[in-house]
Amino acid sequence: SDSRRKAVARAAFLIQQAADGVERAGIRETSSARHAFILRFETLPFVRACTWLLVSMTFFEQPQWCTRPDMAHLGDKPCGNPMYPSYPIPYVSENLGIVVEILLTTPIAADM
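Presented here is an overview of the structure given in this document. (Residues numbered from 1 in each chain as written. Predicted model: local features only at pLDDT ≥ 70, side-chain atom pairs only at ≥ 80, totals over all residues. Heavy atoms only, no water.)

**Some remarks on the pattern of salt bridges**
- By the definition in use, this model includes one salt bridge.
- The salt bridge involving R40 is made with D111; its shortest N-O contact spans 3.3 Å. Of this pair, R40 sits in helix α2 (residues 31–56) while D111 is found in helix α4 (residues 94–111), placing the two residues 71 residues apart along the sequence.
- We classify D111 as partly exposed; its relative accessible area is 23%. (Salt bridge = Lys/Arg side-chain N within 4 Å of Asp/Glu carboxyl O. Helix = DSSP H or I, 4+ residues; strand = E, 2+ residues; numbered from the N terminus. Buried < 20%, exposed > 50% of the residue type's maximum accessible area, 1.4 Å probe, protein only.)

Printed below as a string of structure tokens:
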């Protein structure tokens, strides 16, 4: 029945709220609100993957103290300094890094 389905949906919402640790003021009992909640719930794994990919991008971007001339005052050859270890990996170009960051940040921002 319809009332049973609403009760199950409300229980699922409250369980998700408890798992997130975020208290929400109330539950809207409209079909558009239900669709929005389901859409967010189904896209959450994708958003989390985008977050982890964005964090992992830091390992494939060349540090700014190596690329920006205005940071040359940090000392003699900061990229060759053993205090800042780096590995011989192919770095992502700056332009490609910006494009990837925008593509990964957009779903995260849309989720907020």
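Next comes the rest of the account.
**Let's talk about helix α1 (residues 2–20)**
- In this model, α1 (19 residues) spans 27 Å end to end at C-alpha, consistent with the 27 Å of a helix rising 1.5 Å per residue.
- On its buried face, α1 is in contact with α2.
- Residue G21 follows α1 closely and has a positive phi angle near 75°. (Expected span 1.5 Å × (residues − 1). Contact = heavy atoms within 4.5 Å.)

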